[in-house]
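# Structural overview for review
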Amino acid sequence: MASNTSPFASTQPASAGSDVAGDVLHRRGLMFILSSPSGAGKTTIARRLLAEDGHVAMSVSATTRPMRPGEVDGVDYHFITPEAFERMVAAGEFLEWAHVFGHSYGTPKAQVKAGLREGQDYLFDIDWQGSQQLHQKLERDVVRVFILPPSIDELRRRLTGRGTDSPQVISQRMERARAEISHWDGYDYVVVNDDIDVCFAKVSQILAAERMRRTRQTGLIDFVRDLME
Ligand code: ADP
Ligand code: 5GP
């Protein structure tokens, strides 16, 4: 955990990123964004990635929405008041922020910027607006993945089966789903989540390949120079 006094400096625990997934060279971390219409499965995929890949940490957003049963402050979100959120916006403390479902959500800067330099990868569960803003600001560090459901009927079944929302909230989410899906072309990768294992394997492969990008491997210049001497 970072030794910064800001409450937004902490992240989910993850190991150091300088020797990620068998890489021997130092590399810069990346910002791995997962977005989807609600119910398509991004939380399921994100949780599995965090559990199985020890080199990626969750970027914990701040939000003004009320905590849901089972959520933990500082883990799922930093739950803050609208006034505190506005103060952070005014102080330029967010990398991006947006209004979603009538509440404000934002990515605190503090936790991510230093980590990227150290080779730490971050996972973002943010919507298309945040994804667009991060891409505009930090294009070279950002990888955007959009998860689609196999069908609208299956999306409804998953939202109902999850058992976390009232019928009214489910119909609001279904109404919004089409609008969210319309932003599919603002992503670098689109993966259909039909079979969860297949989908998860694809997402993991994207992450593995993106880690190997030449421009992220900051140790390459010295390594190649040595090879050529
Ligand atoms: P999101 O975070 O996108 O809102 P969740 O990850 O909460 O979606 O998934 C919604 C529901 O669908 C959950 O109950 C989850 O267990 C289930 N689910 C996720 N992926 C699949 C899949 N490939 N097949 C069947 N059910 C799935
Ligand atoms: P929920 O309230 O269901 O946790 O999230 C609602 C929506 O807000 C989801 O689409 C989620 O991806 C998005 N979201 C969560 N955190 C952020 C954030 O920091 N920035 C942006 N732009 N969207 C976020």
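Quick summary incoming for the structure in this document.

Cut-offs used in this document
Residues numbered from 1 in each chain as written. Chains lettered and ligands numbered in written order. Predicted model: local features only at pLDDT ≥ 70, side-chain atom pairs only at ≥ 80, totals over all residues. Heavy atoms only, no water. Near = heavy atom within 4 Å. Polar contact = N/O pair within 3.5 Å; in protein donor to acceptor, adjacent residues only side chain to side chain. Areas by Shrake-Rupley, 256 points an atom, 1.4 Å probe, with all protein chains shown as cover. 1 Å grid on protein atoms, 1.4 Å probe; cavity = no way out; pocket = protein on both sides within 12 Å on 5 of 7 lines; lining within 4 Å. Sits in = over half its atoms within 2 Å of the grid points. Buried < 20%, exposed > 50% of the residue type's maximum accessible area, 1.4 Å probe, protein only. Helix = DSSP H or I, 4+ residues; strand = E, 2+ residues; numbered from the N terminus. Pairing = 2+ DSSP bridges.

Once that is clear, we can look at the site of ligand 2. What surrounds ligand 2 is a group of 16 residues, the closest being Ser61, Arg65, Tyr77, Glu96 and Tyr105. At 3.5 Å, a backbone N or O of glycine 130 approaches a nitrogen atom of ligand 2. A total of 510 Å² of accessible area belongs to ligand 2 in isolation, and the protein chains cover 92% of it. With respect to the detected pockets, ligand 2 is housed in the largest pocket.

Counting buried residues in strand S5 (residues 94-100) gives five out of seven residues, a clear majority hidden from the surface. The sheet contact formed by S5 and strand S6 (residues 103-108) spans six bridges and is antiparallel. Pairing of alanine 98 across the sheet is with tyrosine 105, part of S6.

A few words now on the environment of arginine 211. Following the sequence through the fold, arginine 211 ends up in helix H7 (residues 196-211). Look at arginine 211 and you get buried, because its relative accessible area is 4%. Sequence separation between arginine 211 and leucine 30 is 181 residues; the distance between their C-alpha atoms is 7.4 Å.

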